[in-house]
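What the coordinates show
Here is what each chain is made of, one letter per residue.
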Amino acid sequence: MDTLESISTDLNILIPIVNHWLHLLSAIIWIGGLAFLVMAVTPGLQKAVPKDQVKPITDIFYRHYKKVAGILLVVLLFTGGINLHYVNQILVSQTGTSVQHHAKYLMVFMIKLLLVLGLLTLFLYTVIFRSDDDADEEESYEVIPFQRAALWMGFFIVLCAAAMKNLHQ
């Protein structure tokens, strides 16, 4: 019986760690890929490649990134929900009250959720409504429409995550 309890306790420790790791890993890959597109690929191609070739090349990058980003966003939403469950358990064990009674944590969490919803909206806009013929050929062509806005949202989502991590300890 002690062995079964030991395995159960180990899983109760291991599952939140692995879940949080997957959440962080997904966020790092997603925002790192977006930052690479914004800070390196698009400006580099605009300087090194003739203007008429920038759009076809960046569209190839975006097609691959779009698949990865879609999977990562699903993973982030799923693991984020699980993280919230475990944070709630920690708060109940430490303070006797659940997340609903921690106003600062909830405020930052709601800001984070609004930013995530904005990011999802931008992502779904590009997946659903953007066609290959839509984008005009212009000097400031973006691989992902609103890519700078999405990157800034990502930075603020990470800031909210850091705040949330410190508000429940």
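You'll find the structure just up there.
Residues numbered from 1 in each chain as written. Predicted model: local features only at pLDDT ≥ 70, side-chain atom pairs only at ≥ 80, totals over all residues. Heavy atoms only, no water.

1. Things to note about the layout of surface pockets
- By volume, the largest pocket amounts to about 840 Å³.
- Taken together, 33 residues form the lining of the largest pocket, with His20, His23, Asn83, Lys112 and Ala161 sitting closest to its centre.
- Residue assignment for the lining of the largest pocket shows that the elements contributing at least two residues are helix H1 (2–48), helix H2 (51–95), helix H3 (103–128) and helix H4 (147–167).
- The greatest single-element share of the lining of the largest pocket, amounting to eleven residues, is contributed by H2.
- Across the lining of the largest pocket, the residue classes tally to 23 nonpolar, eight polar and two charged. (1 Å grid on protein atoms, 1.4 Å probe; cavity = no way out; pocket = protein on both sides within 12 Å on 5 of 7 lines; lining within 4 Å. Points joined across faces, edges and corners; volume = space filled by probe spheres on them. Helix = DSSP H or I, 4+ residues; strand = E, 2+ residues; numbered from the N terminus. Nonpolar A, V, L, I, M, F, W, Y, C, P; charged D, E, K, R; others polar.)

2. Some points on the packing of aromatic side chains
- Under the defined criterion, the tally for this structure stands at three aromatic pairs.
- Arranged with centres 6.0 Å apart and planes meeting at 55 degrees, the rings of Tyr125 and Phe146 form a pair that is tilted. Taken together, the residues Tyr125 in helix H3 and Phe146 in the loop between H3 and H4 connect sequence positions 21 residues apart.
- A residue is classified by how much of its surface remains accessible, and Tyr125, at 39% relative accessible area, is partly exposed.
- Taking the centre distance of 6.1 Å and the plane angle of 35 degrees together, the rings of Trp152 and Phe156 count as tilted. Residue Trp152 and its partner Phe156 are both found in helix H4; the two are separated by four residues, about one turn of the helix.
- In this structure Trp152 comes out as exposed when scored by relative accessible area, which is 51%. (Phe/Tyr/Trp six-rings, centres within 6.5 Å; stacked < 30°, edge-to-face > 60°. Buried < 20%, exposed > 50% of the residue type's maximum accessible area, 1.4 Å probe, protein only.)

3. Quick notes on the packing of H2 against H3
- Direction vectors running N to C along H2 and H3 enclose 155 degrees, while the axes themselves pass 11 Å from each other. Taken together, the axis directions place H2 and H3 in an arrangement best described as roughly antiparallel. Considering the relative orientation of H2 and H3, their crossing is left-handed. Along the contact surface, H2 presents Tyr62, Lys66, Ala69, Gly70, Leu73, Leu77, Leu84 and Val87, while H3 presents Tyr105, Phe109, Val116, Leu119, Leu120, Phe123, Thr126 and Val127. (Axes fitted to C-alpha atoms, helices over the stretch in contact; angles between N-to-C directions. Parallel < 35°, antiparallel > 145°, perpendicular 65-115°, else oblique. Left-handed = near helix turned anticlockwise from the far one by under 90°. Contact = heavy atoms within 4.5 Å.)

4. Observations concerning the nonpolar core
- Judged by nonpolar contacts, the single largest core of 34 residues is most densely connected at Trp30, Leu34, Tyr65, Leu73, Leu119 and Leu151.
- Among the secondary structure elements, those contributing two or more residues to this core are H1, H2, H3 and H4.
- Beyond its immediate chain neighbours, meaning those up to four positions away, Trp30 contacts Tyr65, Ala69, Leu72, Leu119, Ala150 and Gly154. (Core = buried A, V, L, I, M, F, W, Y, C linked by side-chain atoms within 4.5 Å.)

5. Let's talk about the packing of H3 against H4
- Direction vectors running N to C along H3 and H4 enclose 155 degrees, while the axes themselves pass 9 Å from each other. Here H3 lies roughly antiparallel to H4, going by the angle between them. Like other packed secondary-structure pairs, H3 and H4 cross with a definite hand, here left-handed. Packed against H3, whose contacting residues are Lys104, Tyr105, Val108, Phe109, Ile111, Lys112, Leu115, Val116, Gly118, Leu119 and Leu122, the element H4 presents Ala149, Ala150, Met153, Phe156, Ile157, Cys160, Ala161, Ala163, Met164 and Leu167 at the interface.
- Residue composition of the contact of H3 with H4, grouped by class: 18 nonpolar, one polar and two charged.

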